[in-house]
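# What the coordinates show
These are the residues of each chain, in order.
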Amino acid sequence: MQPRVLCADIGGSFIDFAVLDNTNSVINRNKIPTPTHNADSFLQALIELTALYPKLPLHIAMAGTQEPKTGRLLAANIPCMDGTLFSALLGRHLQRPIRVANDADCFAMGEAHFGAARGHDNVFGIILGTGVGGGLIWKGQVILGGGGVSGEWGHGPIIPHFPDTPKATPCFQCGCGQWGCLDTFGSARGLERLHAWHGFPPRDSRAIVQAWENGDSNAADTINTYIDYTSAALALVVNTTGSTIVPVGGGLSNAQRLIHELDLSVQRRILRQQNTPLIIPGILGQDAALLGASALS
Ligand SMILES: [Zn+2]
């Protein structure tokens, strides 16, 4: 089989690298720690990973956002590349075409082209993991939008903030500086925050989900709050985008019953009726972003 494209999923901890052939099968694979603090080391690592395939394009799923107008990268977890003209910089050093997209966008691309959302024109892929992310795909292509942040449904205050009675609502300060963003309660860490907000002893997200599945009433209170607020935000997004399928990635996507309950709640709250599941776990696992990057045009 003929090698077609090189793909890298670059996160704050690892670079996951793969060579895909013309049937989109992975024919070579590598994983190395990400050099996050030294630009020369970062570039050298990519030069070495790609050296065997001098002419092939490199498509990257990046833990960051490239501003479409300027090409400037925002990547807080990879400080040595933060603020650079990333694609242009890589193009000069690697001497090949470079495509870069946000990793949540690439997750959505992967599930749309190769996974759970195949056959759908309008796909909103979401990440419920350490944080909350999302990507909007229309007819197989990422919609970037202003600033390159379309699909980022995790930010924007949606829980009312009452500074004088802070326990009145599950309103937490977000890393973006605002209060009450979905990112603060819709993620795995958020589930743990909601559990503490209810006044229950600290537990990690997996233990909370497990306890809920075993009929624990405290965990049920936490999960009900989680589903109530998260499905409200998601129903709004589904109404706005008209997406017909919402594949879920990230750690919470492994909680099949939780995703099913989220689906039922969203379906009760959207304007249209759909006879098939709308919110579904992705099926590509860790490879979704990597495969999605291969389909960037
Ligand atoms: Zn935020």
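Right above here is the structure, for reference.
Heads up: these notes are all about the structure in this document. No experiment lies behind these values; they were computed from the predicted model shown. (Residues numbered from 1 in each chain as written. Predicted model: local features only at pLDDT ≥ 70, side-chain atom pairs only at ≥ 80, totals over all residues. Heavy atoms only, no water.)

### As for the overall build of the chain
Defined as follows: Put simply, DSSP H or I for four residues or longer makes a helix, DSSP E for two residues or longer makes a strand, and each gets a number counted from the N terminus. For this measure, only C-alpha atoms enter the radius of gyration; the expected value for a globule follows 2.2 Å times N^0.38, where N is the number of residues. Here, two residues are considered to be in contact whenever any of their heavy atoms come within 4.5 Å of each other.
Secondary structure assignment for the chain yields eight helices and twelve strands. The C-alpha radius of gyration of the chain comes to 20 Å, within 12% of the 19 Å expected for a compact globule of 297 residues. Principal-axis analysis of the C-alpha atoms gives the chain an extent of 60 × 40 × 35 Å. For the chain, restricting intrachain contacts to residue pairs at least 6 apart in sequence, the fraction spanning at least 24 positions comes to 61%.

### Looking at the sheet that holds strand β7 (residues 98-102)
Each strand in a sheet pairs with its neighbour through backbone hydrogen bonds, running either in the same direction (parallel) or in the opposite one (antiparallel). Basically, it comes down to this: DSSP-based pairing: two strands are paired if at least 2 bridges between them are found. Only the stretch in contact is used when a helix axis is fitted, and all axes are lines through C-alpha atoms; the angle between N-to-C directions ranges over 0 to 180 degrees.
Strand order in the open sheet made by the five strands is β3-β2-β1-β4-β7, with mixed pairing throughout. One side of each edge strand has no neighbouring strand; the edge strands of this open sheet are β3 (26-33) and β7. Each adjacent strand pair in this sheet contributes to an overall mean axis angle of 15 degrees, direction not counted. Against the sheet, helix α1 (residues 39-50) engages β1 (3-10), β2 (14-21), β3 and β4 (58-62), with an angle of about 25 degrees to β2. Sitting on the sheet, helix α3 (residues 103-114) touches β1, β4 and β7, and the angle it makes with β7 is about 100 degrees.

### Looking at helix α2 (residues 86-94)
What counts, and what does not: Think of it in three bands: with a 1.4 Å probe and only protein chains considered, a residue is buried below 20% of the maximum accessible area for its type, exposed above 50%, and partly exposed in between. Directions pointing from the helix axis toward each C-beta atom define the arc.
Where α2 is concerned, the buried positions are F86, L89, L90 and L94. In an axial view of α2, the angular spread of the buried residues amounts to 110 degrees, which keeps them on one side of the axis. Summarising the contacts, the buried residues of α2 are in contact with α1, β4, β5 (65-66), β6 (73-74) and β7. Where α2 ends, the next residue or the one after it, Q95, has phi of about 55 degrees, a positive value.

### Focus: the coordination of the zinc ion
Where we set the bar: Donor atoms are limited to N, O and S found within 2.8 Å of the metal ion, a distance that becomes 3.2 Å for Na, K and Ca. With water left out, some sites might look partial. Angular criteria define each label, namely tetrahedral for four donors with all angles between 85 and 135 degrees, square planar for four and octahedral for six donors with opposite donors over 155 degrees apart and remaining angles between 65 and 115, and irregular for whatever fails these tests.
At this site the zinc ion is bound by H155 (ND1), C174 (SG), C176 (SG) and C181 (SG), with donor distances of 2.1 to 2.4 Å. Between the four donor atoms coordinating the zinc ion, the angles at the centre fall across 98 to 125 degrees, so the site counts as tetrahedral.

### So, the side chain of T36
As a reminder, the rule being used: N or O atoms within 3.5 Å of each other form a polar contact, as long as, within protein, one can give a hydrogen and the other can take it, and as long as residues adjacent in sequence are counted only when both atoms are side-chain atoms.
Following the sequence through the fold, T36 ends up in the loop between β3 and α1. Relative accessible area serves as the criterion here: at 14%, T36 is assigned to the buried category. Only 2.9 Å separates the side chain of T36 from the side chain of H37, close enough to count as a polar contact.

### A word on the packing of helix α4 (residues 188-197) against helix α6 (residues 217-241)
Convention followed: When an angle is under 35 degrees it counts as roughly parallel; over 145 it counts as roughly antiparallel; between 65 and 115 it counts as roughly perpendicular; any other value is oblique. Each crossing gets its hand from how the near helix is turned against the far one by less than a right angle, where anticlockwise is left-handed and clockwise is right-handed. For this scheme, ten residues count as nonpolar: Ala, Val, Leu, Ile, Met, Phe, Trp, Tyr, Cys and Pro. Four count as charged, namely Asp, Glu, Lys and Arg, and the remainder, Gly too, count as polar.
With their axes 9 Å apart at the nearest point, α4 and α6 run at an angle of 120 degrees to one another. Relative to α6, the element α4 lies oblique. In terms of crossing hand, the pair formed by α4 and α6 is right-handed. Seen from α4, the contacting residues are L191, L194, H195 and W197; seen from α6, they are N218, A219, T222, I223, T225 and Y226. Of the residues in the contact of α4 with α6, the class split is six nonpolar, four polar and no charged.

### Regarding the state of the cysteines
Counted only if it meets this: Only a pair of cysteine sulfur atoms within 2.5 Å counts as a disulfide in this structure description.
Scanning the entire structure with this criterion turns up zero disulfides. With no disulfide partner, C171 has as its closest neighbouring cysteine sulfur the one in C181, 8.7 Å distant.

### Some details on α6
Every α-helix carries 3.6 residues per turn, so stepping three or four residues along brings you back to the same face. Short version of the rule: The span one expects for a helix is its residue count, reduced by one, times 1.5 Å.
Helix length check: α6, at 25 residues, gives a terminal C-alpha distance of 35 Å against a target of 36 Å (1.5 Å per residue), a fit within 8%. Structurally, the start of α6 carries an N-cap: the backbone nitrogen of N218 is 3.0 Å from a side-chain oxygen of D216. Positioned one or two residues after α6, G242 has a phi angle of 70 degrees, which is positive.

### Looking at the sheet that holds strand β12 (residues 279-281)
Spatially, β10-β9-β8-β11-β12 is the arrangement adopted by the five strands of the open sheet, whose pairing is mixed. Strands with a single pairing partner mark the edges of an open sheet, and in this sheet they are β10 (141-142) and β12. Bridging between strand β8 (residues 122-128) and strand β11 (residues 246-249) involves two bridges; their strand directions are parallel. Looking at the pairing, I127 lines up with G249 of β11. Sheet strands touched by α6: β8, β9 (132-138), β11 and β12. Its angle to β8, the strand with the most contacts, is close to 155 degrees. In the packing of helix α7 (residues 256-269) onto the sheet, the strands contacted are β8, β11 and β12, and the crossing angle to β12 comes to about 165 degrees.

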